[in-house]
Protein chains: 2
Amino acid sequence: MSATSGVRSHQGENTRNRIVHFAMNLASRHGLDALSIGELAKELGMSKSGLFAHFGSKEELQIATIEAAEETFGCAIIESTLEMPEGLGQLQALLTNYLGYLENSVFPGGCFFAAVAAEFDDRPGRVRDRIALSMRKWRGLLERQATIAHQNGQLREGVDPVQLVFELKAFTHEANFNLRLLEDQGVTQHAKVAIRSALKAAASEAGASVLQVGAG
Amino acid sequence: MSATSGVRSHQGENTRNRIVHFAMNLASRHGLDALSIGELAKELGMSKSGLFAHFGSKEELQIATIEAAEETFGCAIIESTLEMPEGLGQLQALLTNYLGYLENSVFPGGCFFAAVAAEFDDRPGRVRDRIALSMRKWRGLLERQATIAHQNGQLREGVDPVQLVFELKAFTHEANFNLRLLEDQGVTQHAKVAIRSALKAAASEAGASVLQVGAG
DNA sequence: CCTACCGATCGGTAGG
DNA sequence: CCTACCGATCGGTAGG
């Protein structure tokens, strides 16, 4: 990156980033529909039409918000695993990072995608499609590592990588759900126990050697 | 019930029931907040204020809608299990019925409670509290049967009934989630396989004899 | 980025 | 149950 490339960052882009970042945190708590352009403008100290001009429609604002959340999700959960050897170890790391993302409240309203997926799952359109794309990417990442684990002989015979990922992902979603609505003590503990025992049950001897004992 | 007791059913109650029933199906798709009194009145062919008079506030309408959904949930899932012997068999039947409730679209938007729980989990108030009560009742029912199974020697030593219910409930929620957003083929199949193998792994010899082989 | 404005719809009320 | 209405807010536009 050259010293002058920063010139390309117009002030408009910075403002847009500020808007989207604020919208992302708000949407994790109250949903993408409760994102009112007027309220957003008031809280950011700008005029409604000034904010609106950055997007052109509420739908565009919602999609930009989803894309920003996807990047935040990637930084919190995926990025640190990319240098690990692929397979069972990376799969376990992704799940551990997801639970950390819940515990650390990376979004103030819990998992952004769980929240907006439930909100839009019955409303066809571009917003729903963009959310579904994010969810498929995440599931694909988990399934890819489970499949590599399978190919590397890290899973016991007869273990279906897709079925395994269904079960592991179920535990992470249930943790988010219980944490948000029921505010249980140590609810992520249930998820950690479930994930650890599912991974141990699925691992071959070669696989067991790469599992972190203390982690989820 | 005497032949004249029906006189107590005022016409107002019938209208109220019609409203709540319609609201319940609408809310399973678009949420309890999108329940607009004006739209609801239009679709039911009555005036806004006429409909409003039955509840006095939108919050009361939302709570009445949750209570109606709880009854529908009970009829679809719980009622038929009450005459079964308690323990592992009833636990399995409740889970099987839940998956049937998804497959049969008892609510047009999937599981009513999963939808509204995600919507209100970050909005303190009476609506959220009523949703949380429903969820705790349902979880309590599952934990009760798992505990009875434990006491009856239907579970293997070392199996924690609460942990077991966490895992089983996770599979049912994941099925609802995938079914709504990702519209996967045979997604309840993953849940059925997961539930069956979790129950089999948790069951003692005595427990295994009460499990239905074909069921979830 | 702004002010000023549009029609539509919101929850809720007055009065019958 | 109704008509008629309230103030507030919605997404979006005109014009600068």
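Definitions and limits used
- Residues numbered from 1 in each chain as written.
- Chains lettered and ligands numbered in written order.
- Predicted model: local features only at pLDDT ≥ 70, side-chain atom pairs only at ≥ 80, totals over all residues.
- Heavy atoms only, no water.
- Contact = heavy atoms within 4.5 Å.
- Buried area = accessible area lost by both parts, 1.4 Å probe.
- Salt bridge = Lys/Arg side-chain N within 4 Å of Asp/Glu carboxyl O.
- Helix = DSSP H or I, 4+ residues; strand = E, 2+ residues; numbered from the N terminus.
- Nonpolar A, V, L, I, M, F, W, Y, C, P; charged D, E, K, R; others polar.
- Near = heavy atom within 4 Å.
- Polar contact = N/O pair within 3.5 Å; in protein donor to acceptor, adjacent residues only side chain to side chain.
- Core = buried A, V, L, I, M, F, W, Y, C linked by side-chain atoms within 4.5 Å.
- Buried < 20%, exposed > 50% of the residue type's maximum accessible area, 1.4 Å probe, protein only.
- Axes fitted to C-alpha atoms, helices over the stretch in contact; angles between N-to-C directions.
- Parallel < 35°, antiparallel > 145°, perpendicular 65-115°, else oblique.
- Left-handed = near helix turned anticlockwise from the far one by under 90°.
- Phe/Tyr/Trp six-rings, centres within 6.5 Å; stacked < 30°, edge-to-face > 60°.
- Lys NZ or Arg CZ within 6 Å of the ring centre and 35° of its normal.

1. With respect to the interface of chain A and chain B
Each partner contributes residues to the interface: chain A has 39 residues there, and chain B has 39 residues. Between chain A and chain B, a total of about 3500 Å² is buried, with carbon and sulfur atoms accounting for 56% of that surface. Considering only the surface of chain A that becomes buried against chain B, Asp122, Phe166 and Leu181 of chain A emerge as the three largest contributors, covering 20% of it. The tally of links from chain A across to chain B stands at four salt bridges. Residue assignment for the side of chain A that touches chain B shows that the elements contributing at least two residues are helix H1 (11-30), helix H6 (112-120), helix H7 (126-151), helix H8 (161-182) and helix H9 (187-202) of chain A. No other element matches the 15 residues that H8 of chain A contributes to the side of chain A that touches chain B. Split by residue class, the side of chain A that touches chain B holds 18 nonpolar, eight polar and 13 charged.

2. A look at unusual backbone geometry
Most of the time, phi is negative for any residue but glycine, and the peptide bond is trans. Of note, the phi angle at Ser105 of chain A is positive, near 50 degrees, even though the residue is not glycine. By the secondary structure assignment, Ser105 of chain A is in the loop between helix H5 (88-103) and H6.

3. A look at the protein's contact with DNA strand C
If you check the shell around DNA strand C, you find 15 residues, and the closest are Thr15, Ser47 and Ser49 of chain A together with Ser36 and Lys58 of chain B. Separating a phosphate oxygen of DNA strand C from a side-chain N or O atom of Thr15 of chain A is a distance of 2.7 Å. Ser36 of chain B places a polar side-chain atom, nitrogen or oxygen, 2.5 Å from a phosphate oxygen of DNA strand C. Looking at the surface near DNA strand C, the elements that each hand over two or more residues are helix H3 (48-52) of chain A together with helix H2 (37-44) and helix H3 (48-52) of chain B. When residues in the surface near DNA strand C are grouped by element, the largest group, three residues, is from H3 of chain B.

4. Digging into the protein's contact with DNA strand D
By nearness alone, 15 residues border DNA strand D, and Ser36 and Lys58 of chain A together with Thr15, Ser47 and Ser49 of chain B come closest of all. Protein-proximal atoms of DNA strand D, defined as those within 4 Å of the protein, fall in sugar or phosphate at a share of 57%. At a separation of 2.8 Å, a phosphate oxygen of DNA strand D approaches a polar side-chain atom of Thr15 of chain B. Here the surface near DNA strand D takes three residues from H3 of chain A, the largest share from any one element.

5. Here's the deal with the nonpolar core
If you look at the biggest cluster of nonpolar residues, it comprises 133 residues, and the most contacted ones within it are Leu32, Phe112 and Ile131 of chain A together with Leu32, Phe112 and Ile131 of chain B. Not counting residues within four places of it along the chain, the set of residues in contact with Phe112 of chain A comprises Met24, Ala27, Ser28, Leu32, Thr65, Ile66, Ala69, Tyr101 and Phe107 of chain A.

6. Some thoughts on the packing of helix H4 (residues 58-78) of chain B against helix H7 (residues 126-151) of chain B
All names here are of chain B. Direction vectors running N to C along H4 and H7 enclose 15 degrees, while the axes themselves pass 9 Å from each other. What the angle tells us is that H4 and H7 run roughly parallel. Relative to H7, H4 is oriented so that their crossing is right-handed. Each of Glu59, Glu60, Gln62, Ile63, Ile66, Glu67, Glu70, Phe73, Ile77 and Ile78 in H4 lies in contact with H7, whose residues at this interface are Arg126, Val127, Arg130, Ile131, Ser134, Lys137, Trp138 and Leu141.

7. So, the packing of aromatic side chains
Residue and element names in this part refer to chain A. Considering all chains together, one arrives at 21 aromatic pairs over all chains under this definition. On the basis of an interplanar angle of 85 degrees and a centroid distance of 5.0 Å, the ring pair of Phe73 and Trp138 is categorised as edge-to-face. Here Trp138 lies in helix H7 and Phe73 lies in helix H4 (residues 58-78), a separation of 65 residues in the sequence. Accessibility classification places Phe73 together with Trp138 in one group, the buried group. Taken together, a centroid distance of 5.2 Å and an interplanar angle of 50 degrees make the contact between Tyr98 and Tyr101 tilted. Of this pair, Tyr98 and Tyr101 both sit in helix H5, three residues apart, roughly one helical turn. The same class applies to Tyr98 and to Tyr101, which are both buried. In this structure, Arg123 is placed above the aromatic ring of Phe120, and the distance from its NZ or CZ to the ring centre is 4.6 Å.

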